[in-house]
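# Commentary on secondary and tertiary structure
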Amino acid sequence: MGVREKKSVEALKLYKAARTQESVCREYGIDINSVIKLAGNENRFGCSPKVIEALDKKKNEFAFYPDFNATALRTALSEKLGTSKEKFIFGNGSFELLSLVGAAFIDEGDEAIYADPSFGWYVNVTTLNGGKVVKVPVNKDFAVDTEAMLNAVTDKTKVIWLCNPNNPTGTVLPGSKLKDFISRIRRDILIVLDEAYIDFIDEEENGGPYIDTVRLLEEYDNLIILRTFSKSYGLASFRIGYGIADEAIIEGLTKVKLPINTTFASHVAAEAALLDEEFKTYVVESVREERKYYYNALEEFGFTTVHSNGNFIFVHTGRDGGRIEEALLKKGIMIRNGAEFGFPGHVRISIGTHEENVKVVEAFRSVIGDIPEVKEGD
Ligand SMILES: Cc1ncc(COP(=O)(O)O)c(C=O)c1O
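Let me sum up the structure you'll find in this document.

How each quantity is defined
Residues numbered from 1 in each chain as written. Predicted model: local features only at pLDDT ≥ 70, side-chain atom pairs only at ≥ 80, totals over all residues. Heavy atoms only, no water. Near = heavy atom within 4 Å. Polar contact = N/O pair within 3.5 Å; in protein donor to acceptor, adjacent residues only side chain to side chain. Areas by Shrake-Rupley, 256 points an atom, 1.4 Å probe, with all protein chains shown as cover. Nonpolar A, V, L, I, M, F, W, Y, C, P; charged D, E, K, R; others polar. Pairing = 2+ DSSP bridges. Helix = DSSP H or I, 4+ residues; strand = E, 2+ residues; numbered from the N terminus. Salt bridge = Lys/Arg side-chain N within 4 Å of Asp/Glu carboxyl O. Buried < 20%, exposed > 50% of the residue type's maximum accessible area, 1.4 Å probe, protein only. Axes fitted to C-alpha atoms, helices over the stretch in contact; angles between N-to-C directions. Contact = heavy atoms within 4.5 Å. Core = buried A, V, L, I, M, F, W, Y, C linked by side-chain atoms within 4.5 Å. Expected span 1.5 Å × (residues − 1). Arc of directions from axis to C-beta.

### Focus: the site of the ligand
By nearness alone, 13 residues border the ligand, and S94, D194, Y197, T228 and S230 come closest of all. A distance of 3.0 Å separates an oxygen atom of the ligand from a polar atom in the backbone of F95. Contact between the ligand and N167: an oxygen atom at 2.8 Å from a side-chain N or O atom of the residue. Here the ligand has 400 Å² of accessible area as a free molecule, and 94% of this is covered by the chains. When the residues that make up the shell around the ligand are grouped by side-chain class, the tally is five nonpolar, five polar and three charged.

As structure tokens, this is what we get:
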């Protein structure tokens, strides 16, 4: 190609999202209705029926541009979370909000620290803006190593990407540890607390409630909390997430955002979903039950599972994750090869319905004998 990309774009690797069900159908000749997609941490319990009702009621307004301030949704969230309306920004999923953080705050040569493995988009956003990614490996229990992250801070550090609970490992920093970590970060470093999976935190296992992180914003003007309607609310296709931060941070992000970046339908859907707490509780409790089902069922194969605070589990199989992924794909089951996250002996499985999870375990039973164990580190 004669036309060269920008240097920062040349340095970018294409982001690898989970493949689509259609591509699996085409490649393996499987009927779309029998494909079980557990590769993208979507919500297999669906969304609240109230979302569908609300959209139906508003269908005559679909021809108009949306309110680009998302006023109704902003008001509902600010009341629910007990914080000022001015502290919110909405995005085309938290993917976009992460990109806005990069565009507004990462300069050429800035360093951005993230735990490895964690959500891959942090790397793309940092690189695209000419920043340097500083990876800090998770500890032996797969938890984010906050002490090592603190040690990685230099005078060039500008952003810390903190995924809590962490995708793909499923670990969570308990509230006290999180608070301590934030308090020890210089105030000219932006801490991006990505809480996409907050609703799935296992409070019993973590010795009590998580903290109300929104309250931390009263003390820290260098913190942004990102949340999404894609996970516990089951609205991934609508593409709607939000950030909460000090007004000065929100102003910076707003400057680089498309004027109209979210849709009217997503506002309506999110607002209706927020009102149906009962549905969300059903989703979260089902995910908790099903995580336990997997912990027990996967022991049969000698697998070990990291205790998860997300709607997915990170499983050590001791075998080539790519071969496992391929063998399950032939049966129409989509999971993620741990090699994509730097852990080839692992797989990540999003939590499905009970029926789907039973099928996954049955599929493991029928394929695992043909996939040899590999030595650790191979
Ligand atoms: C940790 C984390 N952050 C952000 C996202 C992006 O979510 P969305 O753009 O759907 O809000 C994901 C999606 O899987 C994720 O795992």
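### So, the sheet that holds strand β10 (residues 312-316)
The four strands lie next to each other as β9-β10-β13-β12, forming an open sheet whose pairing is antiparallel. What marks the edges here is a single partner per strand, and that holds for β9 (304-305) and β12 (336-337). Where β9 meets β10, two bridges bridge the pair, whose relative direction is antiparallel. In the strand pairing of β10, T305 is matched with V315.

### Topic: the pattern of salt bridges
Enumeration according to the criterion identifies 22 salt bridges in this entry. For R4, the salt bridge identified is with E10, shortest N-O distance 2.9 Å. A residue is classified by how much of its surface remains accessible, and E10, at 38% relative accessible area, is partly exposed. For D199, the salt bridge is made with K280, and the minimal N-O distance between the two is 3.3 Å. With D199 in the loop between β6 (190-194) and β7 (223-228) and K280 in helix α11 (residues 277-299), this pair connects stretches of sequence that are 81 residues apart. Residue class for D199 comes out partly exposed when judged on its relative accessible area of 23%. Look at K280 and you get buried, because its relative accessible area is 12%. Each of K16, R336 and E340 takes part in salt bridges that share partners, so that together they form one network.

### Description of the sheet that holds strand β3 (residues 111-116)
In space, the seven strands of this open sheet follow the order β2-β8-β7-β6-β5-β3-β4, with mixed pairing throughout. Looking along the sheet, the strands with just one partner apiece sit at the ends: β2 (88-91) and β4 (132-137). Looking at each pair of strands side by side, their axes are set apart by 20° on average, direction ignored. Inspection of the sheet shows β3 paired to strand β5 (residues 157-163) by four bridges, in the parallel sense. Paired with A112 across the strands is V159, a residue of β5. Lying on the sheet, helix α5 (residues 93-105) is in contact with β2, β5, β6, β7 and β8 (241-245); it crosses β2 at an angle near 115°. Against the sheet, helix α8 (residues 175-183) engages β5, β6 and β7, with an angle of about 175° to β5.

### Section: unusual backbone geometry
Following D116, the chain continues to P117 via a peptide bond in cis, the omega torsion being 5°. When you line up the elements, P117 lands in the loop between β3 and α6 (121-128). Here the bond from N167 into P168 is cis, since omega is 15°, no more than 30 degrees from zero. Within the secondary structure, P168 sits in the loop between β5 and α8.

### Some details on helix α4 (residues 71-81)
Of all the residues in α4, the buried ones are L73, R74, T75, L77, S78 and L81. Residues of α4 that are buried in the fold lie against β2, β7, β8 and α10 (264-275). In the stretch just after α4, G82 is the one whose phi turns positive, near 65°.

### Overview of the environment of I349
Structurally, the position occupied by I349 is in strand β13 (residues 346-350). Exposure remark for I349: the relative accessible area of 0% places this residue in the buried category. When the C-alpha atoms of I349 and M334 are compared, they prove to be 8.3 Å apart, with 15 residues separating the residues in sequence. Those residues in contact with I349 that sit more than four places away from it in its chain are L38, Y294, F312, I313, V315, I335 and F364.

### Observations regarding the pairing of β2
By the alternation rule, side chains of β2 split into F88 and F90 and I89 and G91, which are all buried. With four bridges connecting them, β2 and β8 associate as antiparallel partners. Counterpart to G91 in the pairing with β8 is G241.

### Overview of the nonpolar core
L73, L77, M149, L223 and F229 are the most contacted members of the largest nonpolar core, which has 55 residues in total. Ranked by residue count, the leading element in this core is α10, at seven residues. With residues near it in sequence (within four places) discarded, F229 still touches L73, L77, G234, L235, A236, I240, G241, Y242, A270 and L274. By size, the runner-up hydrophobic cluster in this structure holds 34 residues, among which are Y197, F200, F301 and L328.

### Describing helix α13 (residues 354-367)
Across its 14 residues, α13 extends 20 Å between first and last C-alpha, which sits within 8% of the 20 Å expected from 1.5 Å per residue. Residues E356, N357, V360, V361, A363, F364 and V367 constitute the buried set of α13. Projected down its long axis, α13 shows its buried positions confined to an angular sector of 155°, all on one face. The secondary structure elements touched by the buried residues of α13 are β1 (36-37), α11, α12 (321-329), β11 (333-334) and β13.

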